[in-house]
Amino acid sequence: MAKLSRLDAPLIVGAGVAGLSVALGLDRAYVISAPDAGSTWWAQGGIAAALATDDSPRAHAEDTLAVSGGLAGAAAVDALTRGGPAAIERLIEMGAEFDRNDQGELLLGREGGHQKHRVVHADGDATGAEVMRALNASLGETVTVIEGRVVDLVRTADRVAGVITAAGKQRHIYVAPAVVMATGGAGRMYSMTTNPPGVTGEGIVMACRAGARLADLEFVQFHPTALLAGKDPMPLLTEALRGEGATLVDPHGRRFMDQYHPMAELAPRDIVARAIFWQHDRGSGAYLDARSIINFHERFPTVTAHAMSVDLDPAHDLLPVSPAAHYYMGGIDADTHGRTSVDGLWAVGECASTGVHGANRLGSNSLLEGLVFGARVALNVSDHMVDPVGDLSVPKESLRLPVLPGPALEDLRKIMWDRVGLVRTGDGLWEARNAILELGPILRRTIAGRDAADLGLMMVMAALRRSESRGGHYRADYPDLDPTQEHRTLIDTGAVETVVVG
Ligand code: SIN
């Protein structure tokens, strides 16, 4: 029998930048923090905001829309970019320390797809950790953090009413007047990824089981430059390095990016990532040459530590690179206030798909998304809290299955990388579908395995349906953009069968 707690304030699932931003915007909130730390702590790259005198939210919006493959929503992008400067200001008030020049002004970096210098960083390449430090330090008595692993959402007949957590065989149901998913992305659906353990899109699948509509599941962003050194997760070599003049070269030291795009190393991420993929495919290899960056060790301590751990010194050595799954544009369909298609449920940050990134995210817009949309969601939640009444129900398997995935998850991740990765084909996607179905009975022995199998299948089906190439989704059998497919992919499966629990 599951234990039941009724909470008197909104419940936020996830304690990264998005979840904590919601919590800090509410009079009172509960945050469920998972055992794995989540992606925000790892973020090297910074926060984009129109802070320079020659910049404006409109220019930031134009750059965001330009890389989005035509699918970003103008209202969402407007909200994001207009909210940028105030979001940085709030963080600074909370005590976040960003890098500054000798005059004390914020240092603004430039990254791929940005026409202006507008990216703030902390300690060179440790921005996420500083953001988390500042947000956590600001949590007062109004926010109660509960350690736990959420395995499903709890429903009444007409709304999402709470969550169920698992610790071994123990189950605990929390009922709340509003539930906000801030569970992060799905990078670990792939064997090559920069994402830390636990980031397999479980929150997205839970929302789907509770009847929420999902969107844009085919759009995965592959970061161009992860350090190819046999590590999992793969250490990120931040795009800021290319912003500071690092180049991409073949083993003979020859640059190759100018063959692919006029912006060369600063071209949009999908283009740089595929160029590196082709280099590997041709057997040429690809390296980041950052030797021209002065004071490298002081300016990029995180990258230095990663490289040194595999006996490479970025100040002297070429760094072998590969693309790696990095950010998920797909997720729970949500409007610009985080409202999903199900009453009682909001979604924010990487697990949400608001259309703010379209088919391809502009670098350094994701921490910003967590901050800006987190504040917007808090306002909306405050106005729509309802104490759930009636029978509570959950999907039956979530009451009894063990949680953690077995080794079959590694097979799934490999299938996703090989067949649902940077370069897709119809045949490869069908092979992926069949292979996932074959693995299904083994994966479905655990909750995390079941969720990964379900998400993998939905990603494959969305990728099959999009017979064109756009943003992060590239089909070698349909290499061109098809203007008739300039629309989002929406998946509505309806709630799954549940059992009454209280
Ligand atoms: C990076 O530093 O290259 C990653 C930043 C981001 O993904 O926005």
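Quick word on the packing of helix α3 (residues 74-93) against helix α10 (residues 366-383)
Between two packed helices, both the angle of their axes relative to each other and the distance between the axes serve to describe the pair. Relative to each other, α3 and α10 sit at 95°, their axes nearing to 8 Å. Here α3 lies roughly perpendicular to α10, going by the angle between them. Within the contact between the two elements, α3 uses Ala 76, Ala 79, Leu 80, Gly 83, Gly 84, Ala 87, Arg 90 and Leu 91 and α10 uses Leu 368, Glu 369, Leu 371, Val 372, Phe 373, Ala 375 and Arg 376. Grouping the constituent residues of the contact of α3 with α10 by class yields 10 nonpolar, 2 polar and 3 charged.

Quick word on the sheet that holds strand β20 (residues 490-491)
Read across the sheet, 4 strands follow the order β18-β16-β11-β20 without closing on themselves; strand pairing throughout is mixed. Looking at which strands have only one partner, the edges of the open sheet turn out to be β18 (352-353) and β20. As paired elements, strand β16 (residues 331-333) and β18 share 2 bridges and run parallel to each other. Note that in β18 the partner of Asp 333 across the bridge is Ser 353. Across the face of the sheet, helix α5 (residues 202-209) comes into contact with β11 (214-215) and β16 while running at roughly 40° to β16.

A few points about the sheet that holds strand β10 (residues 179-181)
Sheet architecture is open: 5 strands sit in the order β6-β3-β2-β10-β17, paired in parallel fashion. The open sheet terminates on both sides in strands that have one partner only, identified here as β6 (143-147) and β17 (345-347). Sheet twist, expressed as the average angle between the axes of neighbouring strands with direction ignored, equals 25°. Sheet topology note: the strand β2 (residues 11-13)/strand β3 (residues 29-33) ladder contains 3 bridges and is parallel. Each residue of the ladder has a partner; that of Ile 12, found in β3, is Val 31.

So, the side chain of Asp 313
In this structure, Asp 313 sits in the loop between α9 (301-308) and β15 (319-328). At 9.9 Å, Arg 291 is the nearest oppositely charged side chain to Asp 313, a buried residue that forms no salt bridge. At a separation of 2.9 Å, a polar atom in the side chain of Asp 313 contacts the main-chain amide nitrogen of Ala 315. For Asp 313, the contacting residues outside a window of four places in its chain are His 297 and Met 308.

Notes on the site of the ligand
For the ligand, the full set of nearby residues is Gly 45, His 223, Leu 236, Thr 238, Glu 239, Arg 269, His 326, Arg 361, Gly 363 and Ser 364. At 2.5 Å from an oxygen atom of the ligand is found a side-chain nitrogen or oxygen belonging to Thr 238. Contact with the protein chains hides 95% of the accessible area of the ligand, taken as 260 Å² for the molecule alone. Looking at side-chain class alone, the shell around the ligand contains 1 nonpolar, 6 polar and 3 charged residues.

Some remarks on the nonpolar core
Judged by nonpolar contacts, the single largest core of 65 residues is most densely connected at Leu 153, Met 181 and Tyr 190. The element best represented in this core is helix α14 (residues 447-465), accounting for 10 residues. Look past the residues within four positions of Tyr 190 in its chain and what remains in contact with it is Val 220, Phe 222, Ala 325, Arg 413, Met 416, Trp 417, Val 420, Gly 421, Arg 424 and Met 459. Formed by 45 residues, the second largest nonpolar core is a distinct cluster that contains Ala 29, Ile 47, Ala 178 and Phe 373.

Criteria and thresholds
Residues numbered from 1 in each chain as written. Predicted model: local features only at pLDDT ≥ 70, side-chain atom pairs only at ≥ 80, totals over all residues. Heavy atoms only, no water. Axes fitted to C-alpha atoms, helices over the stretch in contact; angles between N-to-C directions. Helix = DSSP H or I, 4+ residues; strand = E, 2+ residues; numbered from the N terminus. Parallel < 35°, antiparallel > 145°, perpendicular 65-115°, else oblique. Contact = heavy atoms within 4.5 Å. Nonpolar A, V, L, I, M, F, W, Y, C, P; charged D, E, K, R; others polar. Pairing = 2+ DSSP bridges. Buried < 20%, exposed > 50% of the residue type's maximum accessible area, 1.4 Å probe, protein only. Lys, Arg positive; Asp, Glu negative; His and termini not counted. Salt bridge = Lys/Arg side-chain N within 4 Å of Asp/Glu carboxyl O. Polar contact = N/O pair within 3.5 Å; in protein donor to acceptor, adjacent residues only side chain to side chain. Near = heavy atom within 4 Å. Areas by Shrake-Rupley, 256 points an atom, 1.4 Å probe, with all protein chains shown as cover. Core = buried A, V, L, I, M, F, W, Y, C linked by side-chain atoms within 4.5 Å.

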